[in-house]
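# Examination of the molecular architecture
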Amino acid sequence: MGILSKLFGDANKSFLNSLKPQIEAINNLAKDYHKLSDLELKKKSLELKKKVQKGLQLNDILEEAFALVKEAASRTLKQRHFDVQLMGGIILHQGQIVEMKTGEGKTLTSTLAVYLNALEGKGVHIITVNDYLAKRDALWMGEIYNFLGLTIGIIQHNASFLYDIEKDAKEKDKIRDEDLLIIEDYLKPVERKEAYQADITYGTNNEFGFDYLRDNMAQDLEKQVQRGLHYVIVDEVDSVLIDEARTPLIISAPAEESTDQYQQFSQLVNTLTENEDYNIDEKMKACTLTEEGIKKIEKALKIDNIYEQRGIITVHHIESALKAKTLFVKDRDYVVQDNEVIIIDEFTGRMMPGRRYSEGLHQALEAKEGVEIQRESMTLATITFQNFFRMYTKLAGMTGTAATEAEEMAKIYNLDVTVLPTNKPFIRNDMKDRIYKNERGKLKSIVKEIKKKYKKGQPVLVGTISIEKNELLGNYLKKEGLPFNLLNAKFHEKEAEIISQAGRKGAITIATNMAGRGVDITLGGNPFQKKKYEEVKALGGLHVLGTERHESRRIDNQLRGRSGRQGDSGSSQFYISMEDDLMRIFGSERMKNIMDKLGLEEETAIENKMISNSIEAAQKKVEGHNFDIRKHLVEYDDIINKHRHVIYNSRQKFLKTKETTPFILEYINKEIEEIISFHTLAQKNIGDFDSQEIIETIKSIFTLKREEEKKIKKLLEKIKQSNSHQKRTTLIEYIQKIAQEKYQELNSHINSQIEIIEHLENPLNLIEKGIVLRGIDTLWVEHLTIMDKLRTGIGLQGYGQKDPLVEYKREAFDLFNNLIISIRKQIVYAIYKVGLAPKITRTNKEKGSGFQSLKKGVENREESDKVITAKARDAVGKKIGRNDPCHCGSGKKYKKCCQP
Ligand code: ADP
Ligand code: MG
């Protein structure tokens, strides 16, 4: 049995064998291409692109495309893809995960699949673990793509670039192929959108995810930067899809509405009269203002048009205040306790502390009861990485360590893992763990070991599990007078420089796991020098010393992987003490007993197979536990993910359409139908038949002429006598007809007030878009909050024997239905009122009174207790300084306006 099949199983081996004929074909083609000129190759590439756009399948041109890339790489970077790299390329193209050890050249491998898929012209994304690597890889591999006539974009946290083709043509320099410093000259600053328009775009998972969310908050098609999620390759895929996937992406903002407003509204509604200024529908638990009422409020607030000047949210909040006053009764619907309003569940009568009514209702109740009004931080948009990456048509990944996580990759992402053998035989010596009684003994021994290696000249890379441990060890080394470099995974670019030198003779480098990842460690230092390389190689290569086992075996393997690249000599060893977190929390009693019985000195190590095994068992336990947490997160996120799809899709549909009228009329018709059905269908219980209510409700949507009202009454009377389906339909259709006429009137009224400019959108269209988007956005944000509360609530209450997830699903379903109905209502009850504005200005849309203010957000990636806050940036993606004009367009300075 060969090493391959022993290690990776027969399936893996036979799969790799099946790729051999293709590899041979690619290599033969590459030989042919070797004879062509640079120009001829570029032409060939562009022809290929044309063919693909005409419908040729990627699988049919895979060999040609790979051969082109191979030849292009050998001309530009002077590197020829190894056969295993060609295999890796095929696996990536198939939408799988390829495991290739550190230093095997995954960056170069990816170019094959990236190029092939980029030919489709729909954009290929490459995800790196930090901004520095996005730049580095784009510039490094950019030469190949550029040679073949493709464009490269780079997304950074506060900037975006294109690979500068002109620069590339001018200076065919060699330095940057070897140097780690980024030559900024090759980066041409462009708008974010342009970087996404490139054939190939490099960036981090955070940036791509946040851009996706921000696009779905955009008020305008032009402000959206992405163009769909097509094909993505995730580098260090385990880190992104597993480690980072525990915390979702969140864009949030502190609720900015002032609490005074609620007090003001609470008093304001006391001056209004039922059936004159507003209409209450007890059964539907709804409250709507009449035109009369709105006029009164406008007068009180001293404004001309509440919809235009204050936005739909204000109207909504006033209605909430009305509801609080009229429909919600203390000690029936809620109680007041300890300066808080607590909801009473209408079915069980239980108090539900912590839950809050949405749409400002809770605040309205707080104002009514004179208790403290609580401000909430709102989630404006959120998504888990799991669901973000699953949206791509094709997802692929690469890493040095995926095999231990194969189950999760398959279950959550539907990704297979294929393990590739190394290009050259792998000779690193992974030594047995050294186990100590306590931490002090362990640290002392570590220092001794490092000193020994230092004297010998062998470079050591010391891995720790935290910044704190880094510093601790650093202090020990200082005392011994040993020179060292310390990396904390904070400054990626600087750390890249340091870690790339970790293979120099006598170098001591202390790093946390994440520090300097993705950066190659060449023996003898960087740039490569044969003599220095051979010297360090003879000393045994790089020695990796792990100061503690990590929770996950995978992370340990990553650390080890720093040594022994591309057939180099090297070694690795872990030091463990019984006081390590992992051992304290997960180690077995039996283990501790053995250590005690042995009665060792603190600096004496034992190498015990049983203890080593139980460490692995403990790691597996933690891995399983963490997998469960992530699975749980996904199970819950899947539900809201469906909601997100529906909402984002309909939002997008509205943004795109030039013809909103059909949608609006449909909403209106539906609402009318519901109102009539709701109040007339309860025929079994005649008492519930409520003609007056119907008329009042309709009147709160639009005004009725006398004769119209009469006719409706007549039709209602008929239904009352014998409620046939037919009669009800007649009534519904009649009211719908009136609605349509009024809508036409509204349209011409608005058009008569605004001069129509030929090429611009119809003004009513613009107004409607504004109303719809604001309606969707406000209510969606509220929905997110409610869903979040629901989830916490369910977690807290525990549902007896019931499965909380099932309960969550059930309630989420109702909440979502309510959301859809609320959105419709907001639109329908607002639309006829916008026309009442004495003057409507074209800039109405830009003002975006409602959502714009919500967008004064900061982005958070919440990670249990720690919050990473992203810097604000304007639409182009530039970072905003404190004294710059604010991006929201207020004209104020940023620090005085939206700065959180
Ligand atoms: P990985 O991401 O797999 O850890 P990198 O992509 O950083 O590895 O590559 C490691 C090193 O190997 C780089 O210095 C790169 O230039 C070199 N390399 C990769 N592929 C080849 C090749 N086919 N020929 C020569 N050098 C290569
Ligand atoms: Mg890499």
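Structural data are supplied above this passage.
First, a word on scope: everything that follows refers to the structure included in this document. Since the model is a prediction, treat every value here as computed from it, not as a measurement.

## Describing the overall build of the chain
Scanning the chain from N- to C-terminus turns up 35 helices and 25 strands. Among the 900 residues that make up the chain, the fraction classed as buried is 54%. Residue pairs at least 24 apart in sequence account for 75% of intrachain contacts in the chain once pairs closer than 6 positions are excluded. Surface summary for the chain: the accessible area is close to 40,500 Å², and the carbon and sulfur share equals 51%.

## Quick notes on the nonpolar core
Within the largest apolar cluster, 146 residues are counted, with the highest numbers of intra-cluster contacts made by F389 and I668. When residues of this core are assigned to their parent elements, the largest contribution, 13 residues, is made by helix 33 (residues 804–834). Not counting residues within four places of it along the chain, the set of residues in contact with F389 comprises I127, N205, V232, V234, V240, L241 and L395. A67, A72, A118 and M141 belong to the second-largest nonpolar core, a separate cluster that totals 59 residues.

## What to know about the side chain of D199
The residue D199 is located in the loop between helix 10 (192–197) and strand 6 (200–204) in this model. Sequence-distant contacts of D199, that is, excluding residues within four places in its chain, are made with K49, A118, G123, V124, L150, T151 and R227.

## Topic: the environment of Q363
Here Q363 lies in helix 17 (residues 361–369). Linking Q363 and Q261, residues 102 residues apart in sequence, is a C-alpha distance of 9.8 Å.

## Considerations on a positive patch on the surface
Where like charges cluster on the molecular surface, the positive patch consists of R706, K710, K711, K714 and K718. Within the secondary structure, R706 is located in helix 30 (residues 706–721). By relative accessible area, R706 is classed as exposed at 71%.

## Some thoughts on the pattern of salt bridges
Enumeration over the complete set of coordinates arrives at 48 salt bridges. The partner of K451 in a salt bridge is E480, and the shortest N-O contact between them spans 2.8 Å. With K451 in helix 20 (residues 439–456) and E480 in helix 21 (residues 467–480), this pair connects stretches of sequence that are 29 residues apart. Assessed through its relative accessible area of 29%, K451 is described here as partly exposed. Judged by relative accessible area, which is 38%, E480 ranks as partly exposed. Between R824 and E674 there is a salt bridge, with its nearest N and O atoms 3.8 Å apart.

## Looking at helix 14 (residues 291–301)
Taken residue by residue, helix 14 has G293, I294, I297, E298 and L301 as its buried positions. End-on, the buried residues of helix 14 take up no more than an arc of 135 degrees, which puts them together on one face. Turned more than 90 degrees from where helix 14 packs its buried face, K295 and K299 sit exposed. With its phi angle positive at about 60 degrees, K302 sits one or two positions after the end of helix 14.

## Some words on unusual backbone geometry
The omega torsion across N526 and P527 is 0 degrees, close enough to zero to call that bond cis. In this fold, P527 is placed in the loop between strand 21 (508–512) and helix 23 (530–538). Phi is positive for E236, which is not a glycine, with a value near 50 degrees. Along the chain, the position of E236 falls in the loop between strand 7 (231–235) and helix 12 (237–243). A residue is classified by how much of its surface remains accessible, and E236, at 13% relative accessible area, is buried. One non-glycine residue, N339, adopts positive backbone phi at about 65 degrees.

## Some words on the sheet that holds strand 7
Pairing in this open sheet of nine strands is mixed, and the strands run 5-4-3-6-2-7-15-1-16 from one edge to the other. Pairing within the sheet leaves two strands with one partner each, and these edge strands are strand 5 (187–189) and strand 16 (417–419). This sheet shows a mean twist of 25 degrees between the axes of neighbouring strands, independent of strand direction. Judged from the four bridges that link them, strand 2 (residues 124–128) and strand 7 form a sheet pairing that is parallel. Across the sheet, residue I126 finds its bridge partner in strand 7, namely I233.

## What about the site of ligand 1?
Lining the immediate surroundings of ligand 1 are 17 residues, of which Q79, R80, G103, T107 and Q566 lie closest. A distance of 2.7 Å separates an oxygen atom of ligand 1 from a polar side-chain atom of Q79. A distance of 2.4 Å separates an oxygen atom of ligand 1 from a polar atom in the side chain of T107. In isolation ligand 1 exposes 570 Å². Once the protein is present, 84% of that is buried. The dominant element in the shell around ligand 1, judged by the number of residues it contributes, is helix 6 (residues 106–118), at three residues. Tallied by class, the residues present in the shell around ligand 1 amount to three nonpolar, eight polar and six charged.

## Quick look at the pairing of strand 19 (residues 460–464)
The element strand 19 is extensively covered by neighbouring structure, given that five of its five residues are classed as buried. Of the two faces of strand 19, the one carrying V460, V462 and T464 and the one carrying L461 and G463 are both buried. Here four bridges tie strand 19 to strand 22 (residues 542–546), and the two strands are oriented parallel to one another. Bridged to G463 within strand 22 is G546.

## Structural notes on the packing of aromatic side chains
Counting across every chain of the model gives 14 aromatic pairs. Geometrically, the ring pair formed by F389 and Y392 is stacked, given 6.0 Å between the ring centres and 15 degrees between the ring planes. In terms of burial, F389 and Y392 fall into one category: buried. What links up through ring pairs into an aromatic cluster is the set Y212, F385, F388, F389, Y392, Y648 and W780. One Lys or Arg, K394, reaches over the ring of Y231 and ends 4.7 Å from the middle of that ring. The residue whose ring lies beneath R549 is F574, and the NZ or CZ to ring-centre distance is 5.1 Å.

## Quick notes on the packing of helix 26 (residues 589–598) against helix 27 (residues 609–656)
Look at helix 26 against helix 27: their axes get within 10 Å of each other, and the N-to-C directions meet at 150 degrees. Classified by the angle between their axes, helix 26 and helix 27 sit roughly antiparallel to one another. Considering the relative orientation of helix 26 and helix 27, their crossing is left-handed. Facing R590, M591, I594 and M595 of helix 26, the residues of helix 27 in contact are M610, I611 and S614. Tallied by class, the residues present in the contact of helix 26 with helix 27 amount to five nonpolar, one polar and one charged.

Basis of the calculations
- Residues numbered from 1 in each chain as written.
- Chains lettered and ligands numbered in written order.
- Predicted model: local features only at pLDDT ≥ 70, side-chain atom pairs only at ≥ 80, totals over all residues.
- Heavy atoms only, no water.
- Helix = DSSP H or I, 4+ residues; strand = E, 2+ residues; numbered from the N terminus.
- Buried < 20%, exposed > 50% of the residue type's maximum accessible area, 1.4 Å probe, protein only.
- Contact = heavy atoms within 4.5 Å.
- Areas by Shrake-Rupley, 256 points an atom, 1.4 Å probe, with all protein chains shown as cover.
- Core = buried A, V, L, I, M, F, W, Y, C linked by side-chain atoms within 4.5 Å.
- Patch = residues over 30% accessible without salt bridge, like charges linked within 9 Å, V, L, I, M, F, W, Y side chains within 5 Å.
- Salt bridge = Lys/Arg side-chain N within 4 Å of Asp/Glu carboxyl O.
- Lys, Arg positive; Asp, Glu negative; His and termini not counted.
- Charge placed at Lys NZ, Arg CZ, Asp CG, Glu CD.
- Arc of directions from axis to C-beta.
- Pairing = 2+ DSSP bridges.
- Axes fitted to C-alpha atoms, helices over the stretch in contact; angles between N-to-C directions.
- Near = heavy atom within 4 Å.
- Polar contact = N/O pair within 3.5 Å; in protein donor to acceptor, adjacent residues only side chain to side chain.
- Nonpolar A, V, L, I, M, F, W, Y, C, P; charged D, E, K, R; others polar.
- Phe/Tyr/Trp six-rings, centres within 6.5 Å; stacked < 30°, edge-to-face > 60°.
- Lys NZ or Arg CZ within 6 Å of the ring centre and 35° of its normal.
- Parallel < 35°, antiparallel > 145°, perpendicular 65-115°, else oblique.
- Left-handed = near helix turned anticlockwise from the far one by under 90°.

The values are spatial; any link to function lies outside them.
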